[in-house]
Amino acid sequence: MKINFKYLFKNLTFNPHLIIKELFFDLKKDADSKKFNSTSKYIWICGLPKSGTTLIEEILENLPYVKMDRSIFRVFPNKNKIKLDNVEKYISCFPEQKYSYIKTHLEYSEEIINSLLSKNFKIIVTFRDIRDVMISRYFHILSEKDHWQHDILKDLSFEKGFIKSLTEKTDKFPAVKFQEPIIEYFNWIKKWKKIENKNILKVHYEDYNNNPHSFIKKILDFTSFREFDSIEIEKKLSQKRDYEKNLPLEQKLKRTSKNVSTFRSGKSNIWKKHFSEEINKKFNDLLPENIQQILN
């Protein structure tokens, strides 16, 4: 059994009670894994930030799955550096015969996807209305003081700040290659929308808000864990949301281990409340193609 000592010692320092609880929780999951018949051992979640990937994580946490990059019993490299020439290294980190998952914002790559599918991975791709994604992203930036756009947005009006967040680069941008966020997000959605495969499940965040039980059941069917109850899982998710919504996002982002949260409001069509005529015009002018190309 591999032990992630770096993760263990880091969280023992900041939150020892929580990490001990997580240790026994993940240990029990792995011990109980032999009780289940599902052959869906490995799940790879792909989605843009603020598109519902955390929701999928929370559903999987109610199943026998253990998160690859936030567990004492899993060791996983920096997931932001996955490329075609190193993806096999990441794949090899998944322990055999143990239910495991990872969440990434991985861009579509036919070669990488084929590598995952050839090793019996199942892939869940999340989509959300790009207007809601960009609104949620804007409020996230305001709450995360270390974000590369935070300093240029924090003192602006909502309209000016939001429009600037769609395109503006700063000296704090962490990568060499820059693409305007609104263009990057549009192209990400368009490329992933095209793929069809029985081992790739495409889900829309709006469907969860419309019918949580049906949405969760779709995940249970895809992972072959039909013995779990979607109603019970949604009850747990709802209780967690009721607690999380009363905490500032900045506070939730600073928590350690699996306790980190990016949840803000979780609503659909929030763009209708925030888009002025000027924002709507500017937003659509900035898109590389008509927005209908990537909506549901």
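Here the structure is shown first, and the text comes after it.
One structure accompanies this document, and this report is about it. Since this is a predicted model, take the numbers as computed values, not measurements. (Residues numbered from 1 in each chain as written. Predicted model: local features only at pLDDT ≥ 70, side-chain atom pairs only at ≥ 80, totals over all residues. Heavy atoms only, no water.)

A closer look at the overall build of the chain
The criterion, for reference: Helix and strand assignments follow DSSP, with helices taken as H or I runs no shorter than four residues and strands as E runs no shorter than two, numbered in order from the N terminus. For every residue, the accessible area (1.4 Å probe, protein chains only) is compared with the maximum for its type, and the residue is labelled buried under 20%, exposed over 50%, or partly exposed between those bounds. With residues, only the protein chains shown are counted as cover, and all accessible areas are computed by Shrake-Rupley using a 1.4 Å probe. Here Asp and Glu are counted as negative and Lys and Arg as positive; His is not counted, and neither are the chain ends. The atom standing in for a charge is NZ when the residue is Lys, CZ when it is Arg, CG when it is Asp and CD when it is Glu.
Regarding its fold elements, the chain presents 15 helices and five strands. Principal-axis analysis of the C-alpha atoms gives the chain an extent of 55 × 45 × 40 Å. In the chain, which comprises 296 residues, the proportion classed as buried is 49%. Only carbon and sulfur atoms are counted for the fraction: they give 50% of the accessible area of the chain, which is about 15700 Å². The centroid of the 55 positive side-chain charges in the chain is displaced by 3 Å from the centroid of its 40 negative side-chain charges.

Comments concerning the packing of helix 6 (residues 130–143) against helix 9 (residues 181–193)
Selection criterion: A fitted line through C-alpha atoms represents every axis, and for helices the fit uses only the stretch in contact; the resulting angles, taken between N-to-C directions, go from 0 to 180 degrees. Note on terminology: angles under 35 degrees are roughly parallel, angles over 145 are roughly antiparallel, angles of 65 to 115 are roughly perpendicular, and the others are oblique. For a crossing to be left-handed, the near helix must be turned anticlockwise from the far one by less than a right angle; the clockwise case is right-handed. In what follows, residue pairs with any heavy atoms lying within 4.5 Å of each other are defined as contacts. Put simply, Ala, Val, Leu, Ile, Met, Phe, Trp, Tyr, Cys and Pro go in the nonpolar bin, Asp, Glu, Lys and Arg in the charged bin, and everything else, Gly too, in the polar bin.
Remark: helix 6 packs on helix 9, axes separated minimally by 11 Å, with the N-to-C direction vectors making an angle of 140°. Comparing the axis directions of helix 6 and helix 9 gives the class oblique. As for the relative orientation of helix 6 and helix 9, their crossing is right-handed in sense. Between helix 6, through Ile130, Val133, Met134 and Arg137, and helix 9, the contact on the second element is made entirely by Pro181, Ile182, Tyr185, Phe186 and Ile189. Classifying every residue of the contact of helix 6 with helix 9 gives eight nonpolar, no polar and one charged.

Quick notes on the nonpolar core
As a rule of thumb, soluble globular proteins bury nonpolar side chains together. What counts here: Here the nonpolar core consists of buried residues drawn from Ala, Val, Leu, Ile, Met, Phe, Trp, Tyr and Cys, with membership extended through side-chain atoms lying within 4.5 Å.
Formed by 50 residues in total, the largest nonpolar core has its most connected members in Trp44, Ile123, Ile130, Phe162, Trp192 and Phe283. Where this core is concerned, the elements lending two or more residues are strand 1 (42–47), helix 4 (87–91), helix 5 (110–118), strand 4 (121–127), helix 6, helix 8 (158–165), helix 9 and helix 15 (277–286). If one sorts the elements of this core by residue count, helix 9 sits on top with seven residues. Those residues in contact with Phe283 that lie beyond four places of it in its chain are Ile130, Arg131, Met134, Phe162, Leu166, Ile182, Phe275 and Ile291. One finds Ile43, Ile124, Leu201 and Val203 within the second-largest nonpolar core, a separate group that totals 23 residues.

A few points about empty space enclosed by the protein
Gaps left between atoms are located by rolling a probe of water-molecule size over the structure's atoms. The condition is simple: Only protein atoms enter the 1 Å grid, on which a cavity is a set of points fitting a 1.4 Å probe that cannot get out and a pocket is an open set with protein on both sides within 12 Å along at least 5 of 7 lines, lining residues being those with an atom within 4 Å of a point. Grid points are joined across faces, edges and corners, and a volume is the space filled by probe spheres set on the points.
Counted by the stated rule, this structure contains one cavity of 30 Å³ or more. In this structure, the largest cavity spans a volume of roughly 40 Å³. Looking at the largest cavity, the residues that line it are Phe127, Arg128, Asp129, Ile189, Lys193, His204, Ile294, Leu295 and Asn296.

Structural notes on the packing of helix 11 (residues 212–223) against helix 12 (residues 230–244)
Packing of helix 11 against helix 12 brings their axes to within 9 Å, and their N-to-C directions diverge by 115°. In terms of their interaxial angle, helix 11 and helix 12 are classed as roughly perpendicular. Both helix 11 and helix 12 take part in a crossing whose hand is right-handed. Facing Pro212, His213, Ile216, Lys217 and Leu220 of helix 11, the residues of helix 12 in contact are Ser230, Ile231, Ile233, Glu234 and Leu237. When the residues that make up the contact of helix 11 with helix 12 are grouped by side-chain class, the tally is six nonpolar, two polar and two charged.

With respect to the side chain of Ser40
When you line up the elements, Ser40 lands in the loop between helix 2 (16–32) and strand 1. Overall, the relative accessible area of 2% leaves Ser40 in the buried class. Once residues within four sequence positions are removed from consideration, Ser40 is found in contact with Tyr65, Tyr99, Lys122, Phe222, Thr223 and Ser224.

What to know about the pairing of strand 1
What counts, and what does not: DSSP-based pairing: two strands are paired if at least 2 bridges between them are found.
Burial within strand 1 is extensive, with six of its six residues counted as buried. On strand 1, burial covers both faces: Tyr42, Trp44 and Cys46 on one face and Ile43, Ile45 and Gly47 on the other are all buried. Of the pairings in the sheet, the one linking strand 1 to strand 3 (residues 100–104) comprises five bridges and is parallel in character. Directly across from Ile43, in strand 3, lies its bridge partner Tyr101.

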